Amino acid sequence: MSKIHAAITAVNAYVPEYILTNQELEKMVDTNDEWIVTRTGIKERRILKGNLGTSDMGAKAVEGLLKKRGIGAEEIDMIIFCTTTPDMVFPASANILAHKVGAINAWGYDLNAACSGFLFGLATGSQFIESGKHKKVLVVGGDKMSSIINYKDRTSCIIFGDGCGAVLLEPNTEGYGVIDSILKSDGSGGPYLCQKAGGSLRPASHETVDNDEHFLHQEGQAVFKFAVTNMADVAAEIMEKNNLTSENVDWLVPHQANKRIIDATSNRCGIDSEKVMINIEKYGNTTNGTIPLCLWEWESKLKKGDNLILAAFGGGFTWGSLYLKWAY
């Protein structure tokens, strides 16, 4: 019997309509367009307005995906929702999403690995397909980062945006799909990129609210230094492990955190810039949404059998890479 791989058979995404430009940010904090573009590569980002949560973006992404694939929501076995900004602490956004789209036969849970979450979710979801127990697994990655960003903090508010993407995993016996992954974490990096309050350690209080501890906290220099090395190294490591060269890698799909980190990763792997998926200038860092947003935007350029290297880095610290053969 041929080995079962988990192949991506459909991809879709959703970004909110509202565009927050660098020019608008100039009116909110002490910054300017040239400074932002030079250091991050970001020109604009999308913001989810109104009384809506991450699951609302997820529902739109999934509904479009089901339509593209031509299947009903009741056919979905499982949903892994990769997010740092769930609608609420509980129930899981995966369960809320299942209800919204009518996935009445699916079980699911949320996966929180910060910006590496979608990569971790893809590797996890593939195990359920490979085991033979599941036939259709949705891996959703998205965040409403605007809900935890302090728009008085010029170091973080310029980076993050809102967006969500989803892929469908199905069994494949022709050698296409998720081939290999390398996933890593180091909890000592937690204090450098985190949300200080809102969990069981520091529940909401007047003090935590007054001290802005419910917003994202980032020590940029420490994070950049760790990310630029580790994301590049792990991408190169998975290529070496699978005997891949820059010539036979068709696409590098990097987490869209910072243009300089993306460039460092492609340089480390020897992959030409025209084979690197980049949309950070339009969406900023959507955390769990960046990689599926790239796959969605580049879908028409992908060919069956293309070799893709996915790489990410996130708070915690978490990082990893994944080797994927495109299936359609």
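Keep in mind it's a predicted model, so treat the numbers as computed, not measured.

Participant: Please clarify how the overall build of the protein should be interpreted in this entry.
Facilitator: Across its full length, the protein holds 10 helices and 13 strands. For the protein, the C-alpha atoms occupy an extent of roughly 60 × 45 × 35 Å along the three principal directions. Considering only contacts within the protein whose residues lie at least 6 apart along the sequence, 76% involve residues at least 24 apart. Here the protein contributes 32 positive and 39 negative side-chain charges, whose respective centroids are spaced 2 Å apart.

Participant: Any chance you could explain the sheet that holds strand 7 (residues 162-172) here in plain terms?
Facilitator: The strands that make up a sheet pair up through hydrogen bonds in the backbone, lying either parallel or antiparallel. Strand order in this open sheet of five strands is 1-7-6-4-5, and the pairing throughout is mixed. Each of the sheet's edge strands pairs with one partner strand only, and the pair in question is strand 1 (5-14) and strand 5 (107-111). Taken over all neighbouring pairs, the strand axes of this sheet differ in orientation by 20° on average, direction set aside. Note: strand 4 (residues 78-82) against strand 5, five bridges, orientation parallel.

Participant: Explanation requested: unusual backbone geometry in the structure shown.
Facilitator: Glycine aside, residues mostly have negative phi angles, and peptide bonds mostly take the trans form. Put simply, phenylalanine 90 and proline 91 share a cis peptide bond, and its omega is 5°. Inspection of the secondary structure assignment puts proline 91 in the loop between strand 4 and helix 4 (93-101). The residue after glycine 316, namely phenylalanine 317, is reached through a cis peptide bond having omega -10°. Mapped onto the secondary structure, phenylalanine 317 falls in the loop between strand 12 (307-314) and strand 13 (318-325). Positive phi, normally seen in glycine, also occurs at aspartate 212, with a value near 60°.

Participant: Is there a simple way to think about the sheet that holds strand 8 (residues 177-185) in this case?
Facilitator: In spatial order, the strands read 8-13-12-11; together these four strands make up an open sheet with mixed pairing. Single-partner strands in this sheet number two, and they are strand 8 and strand 11 (251-254). With strand direction ignored, the average angle separating the axes of adjacent strands in the sheet is 15°.

Participant: Explain the pattern of salt bridges here, please?
Facilitator: A side chain of one charge can pair with a side chain of the opposite charge when the charged atoms of the two come close. As enumerated under the stated definition, the model contains 13 salt bridges in all. A salt bridge links glutamate 207 to arginine 202; the shortest N-O distance between them is 4.0 Å. Overall, the relative accessible area of 48% leaves glutamate 207 in the partly exposed class. The exposure class of arginine 202 is partly exposed, given its relative accessible area of 29%. Look at the salt bridges and you will find they share partners, linking Arg69, Lys136 and Glu170 into a network.

Participant: Help me understand the packing of aromatic side chains in this model?
Facilitator: When we look at a pair of aromatic rings, we describe it by the centre distance and by the angle of the planes. Counted under the stated rule, the structure contains eight aromatic pairs. With centroids separated by 6.2 Å and ring planes inclined at 10°, the aromatic side chains of tyrosine 192 and phenylalanine 317 adopt a geometry described as stacked. One end of the pair, tyrosine 192, is in the loop between strand 8 and strand 9 (193-195); the other, phenylalanine 317, is in the loop between strand 12 and strand 13, with 125 residues separating them in the sequence. By relative accessible area, phenylalanine 317 is classed as buried at 4%. Arranged with centres 5.3 Å apart and planes meeting at 75°, the rings of phenylalanine 226 and tryptophan 319 form a pair that is edge-to-face. With phenylalanine 226 in helix 7 (residues 220-241) and tryptophan 319 in strand 13, this pair connects stretches of sequence that are 93 residues apart. Judged by its relative accessible area of 23%, phenylalanine 226 falls in the partly exposed class. One aromatic cluster in this structure is built from Tyr192, Phe226, Phe313, Phe317 and Trp319. Seen from the ring of tyrosine 18, lysine 49 lies directly overhead, with NZ or CZ sitting 4.5 Å from the centre. Its guanidinium or amino end placed over the ring of phenylalanine 224, arginine 260 lies 4.7 Å from that ring's centre, counting from NZ or CZ.

Participant: Teacher, can you tell me more about the nonpolar core here?
Facilitator: Generally speaking, nonpolar side chains in soluble globular proteins are found buried as a group. By size, the foremost hydrophobic cluster in this structure holds 39 residues, and its most contacted members are Met239, Ile271, Ile309 and Phe313. For this core, the elements supplying multiple residues, two or more each, are helix 7, helix 8 (259-269), strand 12 and strand 13. Once residues lying within four places of it in the same chain are set aside, the contact partners of isoleucine 271 are Met239, Ser246, Val249, Leu252, Ser266 and Val276. Counting 34 residues, the second largest nonpolar core, distinct from the first, contains Cys82, Leu169, Leu302 and Ala312.

So, how was this worked out
Residues numbered from 1 in each chain as written. Predicted model: local features only at pLDDT ≥ 70, side-chain atom pairs only at ≥ 80, totals over all residues. Heavy atoms only, no water. Helix = DSSP H or I, 4+ residues; strand = E, 2+ residues; numbered from the N terminus. Contact = heavy atoms within 4.5 Å. Lys, Arg positive; Asp, Glu negative; His and termini not counted. Charge placed at Lys NZ, Arg CZ, Asp CG, Glu CD. Pairing = 2+ DSSP bridges. Axes fitted to C-alpha atoms, helices over the stretch in contact; angles between N-to-C directions. Salt bridge = Lys/Arg side-chain N within 4 Å of Asp/Glu carboxyl O. Buried < 20%, exposed > 50% of the residue type's maximum accessible area, 1.4 Å probe, protein only. Phe/Tyr/Trp six-rings, centres within 6.5 Å; stacked < 30°, edge-to-face > 60°. Lys NZ or Arg CZ within 6 Å of the ring centre and 35° of its normal. Core = buried A, V, L, I, M, F, W, Y, C linked by side-chain atoms within 4.5 Å.

Limitation: the analysis is restricted to geometry and does not speak to function.
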